[in-house]
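In case you want the letters, here they are:
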Amino acid sequence: MSTAWLQPLPLVAILRGLTPREAIAVGTALFDAGFRILEVPLNSPQPLESIALLANAFGDRCLVGAGTVLTPAQVDEVARAGGRLIVMPHADTAVISAAHKAGLVCTPGVATPTEAFAALHAGANALKLFPAEQLPPPVLKAWLSVLPKGTALLPVGGITPDRMAVYRKAGAAGFGIGSALYAPGTDPIEVARRARAFVDAWNTTNTDPHP
């Protein structure tokens, strides 16, 4: 399973509540800090407009897409807006298959091994462990012992810089980062400061969990 899309920094910025007016400023702050994966959840104001703005601004330099994608029709809408990433809170195989057929990177949310295997079979590129608060590092480590070699697991939910090391040691391939990085109305300067803290925390956990 290729995880090239997670390079050079496997941290997904979850920009829930982002508005088109602030999209470029916030995106630039994140890009300058090192982030290369930007997710605009579809329950944000005018999310497709923000996705289009970010996709046009950063092109191939960033993987831009949508979160909280619930239906195959929404996959098509994201693709038309220029998005190349589909992130889901659940593991609906119809949505995963639609994203796979469209050539988009898809990371569905899973909370059990059964969901994980079904999502991978449907074409998922990685798995979002959600909510991470109920899936601690020992669970992640146990999953990796049975999932196909190279499966990328990204904890999402309550992730802060000081919680990353223990998940990374257990084998996490990256993280989705939400309100600890961005919340509606957060100034781009503050977003940049928080982003650098996450980047620094990741760079201190440089052991490859999939040698």
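Further up the page is the structure itself.
Each chain has its residues counted from 1, running along the sequence as written. Totals for whole chains, interfaces and linings use every residue, but because this is a predicted model, local features are given only for residues with pLDDT of at least 70 and side-chain atom pairs only at 80 or more, for both listing and counting. For the side-chain quantities, the full set of heavy atoms in the structure was used; hydrogens and water were omitted.

Chemist: Give me helix α5 (residues 113-122): which residues, what numbers.
Modeler: Here α5 has its buried residues at A116, A119, L120 and A122. Buried residues of α5 fall within an arc of 160° about the axis and therefore sit on the same side. The outward face of α5, more than 90 degrees from its buried face, is lined by the exposed residues T114 and H121. It only takes one pair of heavy atoms within 4.5 Å for two residues to be counted as in contact. Helical segments are the DSSP runs of H or I of at least four residues, strand segments are the runs of E of at least two, and each set is numbered from the N terminus. Each element contacted by the buried residues of α5 is listed here: α4 (93-101), β6 (109-110), β7 (127-129) and α6 (137-144). At the C-terminal side of α5, G123 shows a positive phi close to 115°. Burial classes: relative accessible area under 20% of the type maximum marks a residue as buried, over 50% as exposed, and values in between as partly exposed (1.4 Å probe, protein chains only). The arc in question is formed by the directions pointing from the helix axis toward the C-beta atoms.

Chemist: Pulling in residues and values, what's your account of the sheet that holds β7?
Modeler: Being paired, for any two strands, means DSSP has found at least two bridges between them. Judged by pairing direction, the sheet is parallel, and its three strands sit side by side in the order β6-β7-β8 without closing on themselves. If you trace the sheet from one side to the other, it starts and ends with β6 and β8 (153-155), each paired once. Bridge count between β6 and β7: two bridges; the pairing is parallel. The residue bridging V110 from the neighbouring strand is L129, located in β7.

Chemist: Would you mind going over the sheet that holds strand β5 (residues 105-107) in detail, with residue names and values included?
Modeler: Across the sheet, six strands lie side by side as β5-β4-β3-β2-β1-β9; this open sheet has parallel pairing. Every interior strand has two partners, whereas the edge strands, β5 and β9 (175-177), have only one. Each adjacent strand pair in this sheet contributes to an overall mean axis angle of 25°, direction not counted. Pairing of strand β1 (residues 11-14) with β9 involves three bridges; the strand directions are parallel. Bridge pairing links L11 to F175 in β9. An axis is simply a line fitted to the C-alpha atoms; with a helix, the fit covers only the stretch in contact. Between two such axes, the angle follows the N-to-C directions and lies from 0 to 180 degrees.

Chemist: A description of the nonpolar core should follow, citing residues and the corresponding values.
Modeler: Note on soluble globular proteins: their nonpolar side chains tend to be buried together. Working definition of a nonpolar core: buried Ala, Val, Leu, Ile, Met, Phe, Trp, Tyr and Cys residues. They are joined through side-chain atoms within 4.5 Å. L11, L30, F35, I86, L127 and F175 are the most contacted members of the largest nonpolar core, which totals 62 residues. A per-element tally of this core places helix α8 (residues 188-203) first, with six residues. Leave out the neighbours within four places in its chain, and L127 touches T107, P108, V110, A116, A119, L120, L147, T151, A152, L153 and L154. One finds L6, V12, L63 and A126 within the second-largest nonpolar core, a separate group that totals 14 residues.

Chemist: Explain the packing of helix α1 (residues 20-33) against α8 to me, and be specific about the residues and the numbers.
Modeler: In the contact formed by α1 and α8, the axes pass within 8 Å of each other and the chain directions differ by 30°. Compared by their axis directions, α1 and α8 come out roughly parallel. For the element pair α1 and α8, the recorded crossing hand is right-handed. Contacts between α1 and α8 involve A25, V26, A29, L30 and A33 on the former and, on the latter, P188, V191, A192, A195, R196 and V199. The residue inventory of the contact of α1 with α8, partitioned by class, reads 10 nonpolar, no polar and one charged. For this classification, under 35 degrees means roughly parallel, over 145 means roughly antiparallel, 65 to 115 means roughly perpendicular, and everything else is oblique. Take the far helix as your reference; a near helix turned counterclockwise from it by less than a right angle gives a left-handed crossing, and one turned clockwise gives a right-handed crossing. The residue classification treats Ala, Val, Leu, Ile, Met, Phe, Trp, Tyr, Cys and Pro as nonpolar and Asp, Glu, Lys and Arg as charged. All others, Gly included, are polar.

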